[in-house]
Amino acid sequence: MWLSAWAPLYGRRYGMTTAMVAWPLALVIVILLHAVGGFLALRLTFNNSPQVYYPADAPAIVLRDALRKDFPSDEVLTVLFHGDDLYTEDFLRRLQALSNELRDHPLVDRVTSILTVEKIAGSRDGFSVGPLIEPKAQKKAGPEDAKRRVLADRFVPGTLASRDGRYLAIGVRPKPLADSGQRLQVKIATVLAINRAGLRGHYAGDAGPVTMDVAQLESILRDTATFVPLTVGIGLALLWWVVGRIRPVVIGAVAMSTVVLPVVGAIAAFNQPYTMATAIIPTLLSAYTLATLMHLYAGIQRAQEAGLRRAERLDRAMQETLKPGIFNVLTTGSGLLSLVLVPVPPVQVFGVAGAAGTALVFIVVYGLMPPLLLRWDKHRWPTRRTSGMGLLGRFATRITIFSMRNAKTIIIAALVVLVAGIPAVRAVKVESDLLTFFPPSHPAVRHTQLAESKLMGVTSLEFSLRGQERDSLQNVERLRGIRAFQRWLEEQPEVDRTISMVDLIEEMHWAMNAEQAAFRTLPPTDRLLRQYLLVYDGTDLYELVNRDFQHARILANLHIHGAHEIGEVLARIRKRLEQQPIEGLAVDIGGQGRLFADQINLLVSGQTGSFIGAFVQIFLFMALLWRSFKAAAVCMVPNIAPLYFVFVLMGAIGIYLNMATVMIASIVLGITVDDTIHLYHGYKERLQQGISPVLAIARSFESSGRAVLAISVLLITQFTLLFGSDFIPTSDFGIMTALGLFSGQCFELLLLPPLLLLTDARRRAAPAAPHAPSEVLDAGDTLLAPRSTQMPVGGDTLMPVDGDAPMPLGGDTLMPPALPALVAAPAPPATAPPAPERVLVCTGDICTIADGELLWERFTRLQAARAAEAPEEDWRLTRTSCLGLCRLAPVVQLYPAGTYHGKLTPHAVSQLVEQRLLQRAHPAAIGEESTAARPATGDPPGRAST
């Protein structure tokens, strides 16, 4: 059995025209993808630090690396303690123990506190350098003396101690850290050391870059653990509601994991970190996998309604959706791949991984899942009238008809909305503020605000001051230029504090002159300056200037956090340096603040380039698919509109364009274009068959619209779930993507049909010569009702016009569960010769919209099955145009009995054949009703089991 299943490994099976792999091979490939992807995913690293969001050659990164060669990191974890006993011997002893333990940690470079900070003081020989507070000396002096010394110091108040004496801080400066995981280690080590030192009761919080990075990492991991399973579960539940069977849902779950695991594993294999951007990959690919499956499943349901057998259903579904599926991969992949134009590495990784994932989705859905469906899903699916897919299909039809009837009004309304939204679009603000990434109640926000209110801002700037030669900074005039620049900086309202080598040299001059306030200035001569530097035996100075005295830095602390705000400060600083440069020194600006500020330019240029790239690529792909630039332009309009709507909402609500929301446009464009391709593909094929534009639009949107709406419900629900995250970028991304997809669906159903009507207004169905309704034709001929009874092609209405044909029945339309009501027509003459019953199948516009073509296919299959059993001919089939009973659509007429059968379904056709045609019964009484019931499960009568 297994050998026969494996041979051949690839080919056509069960009479199918589409080749596929053998199901054992498909199963082995699925298992291998899971195994390899899962193994590689174990190597995934988590890193959301600011540095990873910049290319290696970014100016801020290059300057940071140059500063790190001469100076320690400006990244500090500020830990705050509060209480009334902070200067007692017991607390200082515990603080000393905490500092010693943290200092010995392999990732910590230095711990700064009131016990370790240097104090330059006068002495008999000039000045000396020692600790500000010595715990042993404080045993005699007491807490008040310690508090007085701390608050009288030039540097400590506002940095390590609050001016009210109720808060103290330590600064844990790590060594250069590679990723967020190491920052998490530093944070955990600090918390454990606090507990061991017995200071948990005094702990008030921590702030700084390490705190924010760890908080983001924790949120990302929590969201991944929460929302990935939740969105997958909701997606599968919606898939069951749409399809109505468990096995296709299980196969959908297998498809999702077959896609997600290898892509996440590939991210790890290429040594790319798991960041705020790439954390969206599992949710996105899971949703896109289900969306692609939904189109395939919708095709299977349509084929089932036509009475096809199991293998034939899958074969037809793949034939209908394979070509649009290929172009879906190209367009969605192009939208995601355009994100490589955003010069932000995690966003680029997201784009490449997402594009590769969409290609894998196509391979899995069309290459690996069909053999598994054919092997394990052997029973019939619920009919579309009882499944979620059927409900959505009917809803899509109603919306489409409404949009065609009100085409001009809808287009005018769209233009009005476009103009009205311009002010909101212009109000969109590019910002990356870490504090706004969390709700106000989040510990990281509260602790940062506390630290800045009691001490100083935690946003740091580093100013690089580089001379042209060695000892360039042993020049008093240059130092005076630095001092003037520092004073100007401290006058800026956003700056809390600055420090440079100038401050320490002024302390040396002050201490050398008996600590007189008048001498807290720079020494008057270069010679005296060199003497001070020669005498100095501390270490703090060399964290501000290198030992060659050619490269120095100024450290500044700001109490602002937004990239836009920091960018404005930097622009002001650069303007000042341009107007008043420091002679002999090249000045550049770096630090954590510079990293955030540069995000604005990266995001703006990246968003523009990414959108243009995605638009051009998708437009060209659609032009290639339709072989028409005009058709591509028409299809792009309802896909650009939701992007505009997203930006209108962002501007109106006040949502920032940041690292998360910058990806929304590419995702929404890629997904909505997929739906447009399926809708327009069906429309174009029907036009090529000679169907009028109105009918082609209605049938295409009814046929593909059910899958499109089902996909929209699925995706919108999944992305809306992300709104529940307490990590604001994830929440904003989820809700704005959901709204973008919702608006995209609205524009597709409301705007695309009117646009198609306008562009194809001159196209008309080919006229045909009318025949009398009572005329008997040979099988295969077309019987036409009078021209006056046909729906006007391309008109504004889908109802029949006045004429001589019978009008629809008045009152409410009945929806009987079995064969519907019959309306008697004039019977043929009694002298008519016996002949096989003729079935006139209405294929007028209204009946076609109501699945008249499915009735024709069902009759044809039953006729072929009957011919294989008996040589005699029981009935003949004839296509006809409108029969005039539009309220009972789809309608067939039996001739010569003259009875009309309305509201037929493909399942009820079997009952009609068995009860009337095979028994040669010809009832003609007005109001006669058929009571045949639809089969609840299994195949309809007359269909061979597969």
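Quantities reported herein were computed from a predicted structural model and do not represent experimental measurements.

A.B. asks: Can you help me understand the overall build of the protein in this one?
C.D. replies: When helices and strands are tallied, the protein shows 30 helices and 18 strands. Relative to its 946 residues, the protein shows a buried fraction of 57%.

A.B. asks: Can you help me understand the sheet that holds strand β3 (residues 77-82) in this one?
C.D. replies: By definition, the strands of a sheet pair up through backbone hydrogen bonds, in either a parallel or an antiparallel sense. If you trace the four strands from one edge of the open sheet to the other, you get β4-β7-β3-β8, paired in antiparallel fashion. The sheet terminates laterally at β4 (108-112) and β8 (203-207), the two strands that pair on one side only. Neighbour to neighbour, the strand axes of the sheet diverge by 20 degrees on average, direction disregarded. Across four bridges, the pairing between β3 and β8 is antiparallel. Residue pairing across strands places V79 opposite D206, the latter belonging to β8. The strands touched by helix α7 (residues 180-196) are β3, β7 (167-174) and β8; relative to β3, the strand with the most contacts, the crossing angle is about 25 degrees.

A.B. asks: Even after reading the chapter, I still don't get the environment of F402, so can you show me in this structure?
C.D. replies: Looking at the element boundaries, F402 is found in helix α13 (residues 388-405). Not counting chain neighbours up to four residues away, the residues in contact with F402 comprise I410 and L750.

A.B. asks: I keep staring at the sheet that holds strand β12 (residues 585-590) and nothing clicks. Help me out?
C.D. replies: With antiparallel pairing, four strands are arranged side by side in an open sheet as β10-β11-β9-β12. Each having just a single partner strand, β10 (495-499) and β12 make up the two edges of the open sheet. Each adjacent strand pair in this sheet contributes to an overall mean axis angle of 20 degrees, direction not counted. Note that strand β9 (residues 459-467) and β12 share six bridges and pair antiparallel. What sits directly across from R466, in β12, is A586.

A.B. asks: For this particular structure, what's the right way to read the nonpolar core?
C.D. replies: Residues F350, M501, I573 and M663 are the most contacted members of the largest nonpolar core, which totals 203 residues. For this core, the element with the most residues is helix α12 (residues 345-376), which contributes 15 residues. I573 has contacts with L461, F463, F485, W488, L489 and I589, leaving out every residue within four places of it along the chain. Core analysis: the second largest hydrophobic core is formed by 35 residues, V117, V150, V156 and A197 among them.

A.B. asks: Explain the packing of helix α25 (residues 693-721) against helix α27 (residues 752-759) here, please?
C.D. replies: Geometry of a packed helix pair, given as the angle between the helix axes and the separation of the axes. Packing of α25 against α27 leaves a shortest axis separation of 10 Å and a crossing angle of 155 degrees. Here α27 runs roughly antiparallel to α25, going by the angle between their axes. You can see that α25 and α27 cross each other, and the crossing is right-handed. Across from V694, I697 and F701 in α25, the residues of α27 making contact are L752, P753, L756 and L757. Here the residues of the contact of α25 with α27 are counted per class, giving seven nonpolar, no polar and no charged.

A.B. asks: Is there a simple way to explain the pairing of strand β11 (residues 551-558) in this structure?
C.D. replies: Consecutive side chains of a regular strand alternate in pointing toward one face of the sheet and then the other. Within β11, eight of the eight residues are buried, leaving the element largely enclosed by the surrounding structure. Across the two faces of β11 the burial is the same, with H551, R553, L555 and N557 and A552, I554, A556 and L558 all buried.

A.B. asks: In this structure, what is going on with the pairing of strand β15 (residues 837-842)? I would like to understand it.
C.D. replies: Most of β15 sits inside the fold, with six of its six residues counted as buried. Residues of β15 alternate between two faces, with E837, V839 and V841 on one and R838, L840 and C842 on the opposite face, all of them buried. As paired strands, β15 and strand β16 (residues 875-880) are joined by six bridges and run parallel to one another. Residue pairing for β16: R838 is matched across the bridge by R876. Relative to strand β17 (residues 892-895), β15 runs antiparallel, the two sharing four bridges. Across the sheet, residue R838 finds its bridge partner in β17, namely Y895.

A.B. asks: So what exactly am I meant to see when it comes to helix α16 (residues 443-454) here?
C.D. replies: For the α-helix, the turn length of 3.6 residues means that residues three or four positions removed from each other point alike. Between the first and last C-alpha of α16 there are 16 Å, a value that for 12 residues agrees with the 16 Å anticipated at 1.5 Å per step. The set of residues buried in α16 consists of A444, V445, H447, T448, A451 and E452. Of the surrounding secondary structure, the elements contacted by the buried residues of α16 are β3, β8, α8 (209-243) and β11.

A.B. asks: Is there a simple way to explain the confidence of the model for the protein in this structure?
C.D. replies: Atom-level detail of predicted coordinates should not be read off regions where pLDDT is low. The pLDDT averaged across the protein works out to 81; a share of 85% of its residues lies at or above 70. Across the protein, β3 holds the top mean pLDDT of 96, while strand β13 (residues 782-783) sits lowest at 34. Contacts for the low-pLDDT stretch residues 764-833, under 50 throughout, to residues beyond four places or in other chains number 142 contacts.

Cut-offs and rules
- Throughout this description, residue numbers start from 1 for each chain and increase along the sequence as written.
- With pLDDT at 70 or above as the cut-off, local features in this predicted model cover only qualifying residues; side-chain atom pairs require 80 or more to be listed or tallied, and sums for whole chains, interfaces and linings still use all residues.
- Water and hydrogen atoms play no part in the side-chain values, which are based on all heavy atoms of the structure.
- Only DSSP runs of H or I covering at least 4 residues are called helices, and only runs of E covering at least 2 are called strands; the numbering of each starts at the N terminus.
- Think of it in three bands: with a 1.4 Å probe and only protein chains considered, a residue is buried below 20% of the maximum accessible area for its type, exposed above 50%, and partly exposed in between.
- Here, any two strands with at least 2 DSSP bridges between them count as paired.
- Under this scheme, a helix contributes an axis fitted over its contacting stretch, all axes are lines through C-alpha atoms, and angles between N-to-C directions fall in the 0 to 180 degree range.
- Residue contacts are defined here by distance: any two heavy atoms, one from each residue, within 4.5 Å place the two residues in contact.
- Here the nonpolar core consists of buried residues drawn from Ala, Val, Leu, Ile, Met, Phe, Trp, Tyr and Cys, with membership extended through side-chain atoms lying within 4.5 Å.
- Should an angle fall under 35 degrees it is called roughly parallel, over 145 degrees roughly antiparallel, and 65 to 115 degrees roughly perpendicular, with every other angle called oblique.
- A crossing counts as left-handed when the near helix is turned anticlockwise from the far one by less than a right angle, and as right-handed when that turn is clockwise.
- Amino acids are sorted into nonpolar (Ala, Val, Leu, Ile, Met, Phe, Trp, Tyr, Cys and Pro), charged (Asp, Glu, Lys and Arg) and polar (every other residue, Gly among them).
- Expected span of a helix, by definition, is 1.5 Å for each gap between consecutive residues, and there is one gap fewer than residues.
- Residue-level confidence of the predictor, termed pLDDT, takes values from 0 up to 100.

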